[in-house]
Amino acid sequence: MSNQNSVIAFYDERMLAHEPDIEVPFLPGRMDKRIRSLLSGLGVPWHYPEHPARLTAIRHLLELEPVPGVTFEAGMAATREQLARVHTLTYLDHISQLRGESAWLDEDTTAVSPGSVDAAEVAAGTAIAAVEAVIQGRAESSFALVRPPGHHAEPVRARGFCLFNNVAVAAAHARLALGCERVMIVDWDVHHGNGTQDIFWADPDVLCFDIHRAAPFYPGTGTLEEIGVGLGEGTNINVPLPADAGDVAYLKAFREILVPAAEWFKPDLILVSAGFDPHTHDLAMNVSYDGFAAMTGILQELARQQCGGRLVFVLEGGYNLISLSRGVRTVLKVLAGNTPPTPGLRGLSEVEAATAFHRSAFVTESEDLAAPPDAGQERQ
Ligand SMILES: [Zn+2]
């Protein structure tokens, strides 16, 4: 460990009340048919993958193996005014009417239980709390451990387990209430953050950088050509990758695209839509814990150069509970001051030591460059 930095992790039990019940009848008619055919195509008994244990697994790991320098704080509920900066009032009214209900919102399996709307308001408000802590200087960096996730939620539509776009609500709050002029959002979740892109599509003051598995992988957007429009043209950057891409590709994109973009944009705050589903244990990519650590290290250095170190993580996806919780802990360790390891080098020094240990068993020094002593005779 090098210098210890102050980091606040935000966690609030009210977000555990979002627990959609898959037995609740679907929407009537055509959508019911489509959802049932989608679910039957999965070929396994289906459960709602975005469940409360995602958060409790993280909390339990951080209790068992605390990270020095990281303290916990509770979150807060976002107000209607804060949510309305990125969602339409019609949409907010629709979601609000679902308070206390069980319902399906979208054919892509987004659903709510009676506690979901309150939980979603706390998720968005907790992302705001994490930004306020950093802007007020109470911590250099922070991590909002939230669910339901947010980056698929569009101004008028819930999608992909997301109700409110937490990171977008936090970015809008930083811009409109906390005096930030330019905010950069880095989305490394394995899925493209279509909602975040949509919300800031024409906004020149919010730069979105999104690295993800390429379409047709869900949600099917995020091509290179999607660069924003109007005054916002050029402030939307997508890096679509093939399945199984890993640390080397992610870090090359960070160093050669994200860093120069940030140096050009000069943000006052960097937000991260941090999904842990690019991990090898999860869906379709090969990012390692060292890869997450190295990406965090690059962002931390960038934030220190550009905006006084102000760096806020907001949890998105990640469905394998081990890689999700270990991934979050890996990020927190770097934020708190640990030097990130270099991906791809783990085990190399051990192999060098093992090589030296075993080499004498099958190679002698005199044999290194010469032919075997009796080779000439054998050839005759
Ligand atoms: Zn995801």
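Computed from a predicted model, the values in this text were never measured in an experiment.

A. Fine view of the overall build of the protein. Scanning the protein for helices and strands turns up twelve helices and ten strands. Here the protein holds 380 residues, and 46% of them are scored as buried.

B. Local environment of the sheet that holds strand 10 (residues 311-315). Pairing within the open sheet is parallel, and its eight strands lie in the order 2-1-5-10-9-6-7-8. Two strands close off the open sheet at either side, each with one partner strand: strand 2 (70-73) and strand 8 (236-241). Pairwise comparison of adjacent strand axes, ignoring direction, gives a mean angle of 15° for this sheet. In the sheet, strand 1 (residues 7-10) pairs with strand 2 via four bridges, with the strands oriented parallel.

C. Quick look at helix 8 (residues 247-265). Its 19 residues place the ends of helix 8 25 Å apart at the C-alpha level, agreeing with the 27 Å of an ideal helix rising 1.5 Å per residue. Taken as a whole, helix 8 carries its principal kink of about 35° at F254. Turning to helix 8, its buried residues number three or more, namely D247, Y250, L251, F254, L258 and A262. On its buried side, helix 8 packs onto strand 6 (183-187), strand 7 (206-213) and helix 9 (289-307).

D. Structural detail: unusual backbone geometry. With an omega of 15°, the peptide bond running from A215 to P216 counts as cis. Tracing the backbone shows P216 in the loop between strand 7 and strand 8. Its identity is not glycine, yet F161 carries a phi of approximately 70°, on the positive side. Structurally, F161 is set in the loop between strand 5 (141-144) and helix 6 (166-176). Even without a glycine there, the phi angle at D244 is positive, about 75°.

E. Fine view of the environment of A139. Turning to its location among the elements, A139 is positioned in the loop between helix 5 (116-135) and strand 5. C-alpha of A139 to C-alpha of T71: the two residues are 68 residues apart in sequence and 9.7 Å apart in space. Setting aside residues up to four positions removed in sequence, A139 forms contacts with S6, V7, I8, A133 and V134.

Conventions used here
Residues numbered from 1 in each chain as written. Predicted model: local features only at pLDDT ≥ 70, side-chain atom pairs only at ≥ 80, totals over all residues. Helix = DSSP H or I, 4+ residues; strand = E, 2+ residues; numbered from the N terminus. Buried ≥ 20, exposed ≤ 12 C-beta atoms within 10 Å, placed from the backbone. Pairing = 2+ DSSP bridges. Axes fitted to C-alpha atoms, helices over the stretch in contact; angles between N-to-C directions. Expected span 1.5 Å × (residues − 1). Bend = angle between axes of the 7 residues up to and from the residue. Contact = placed C-beta atoms within 7 Å.

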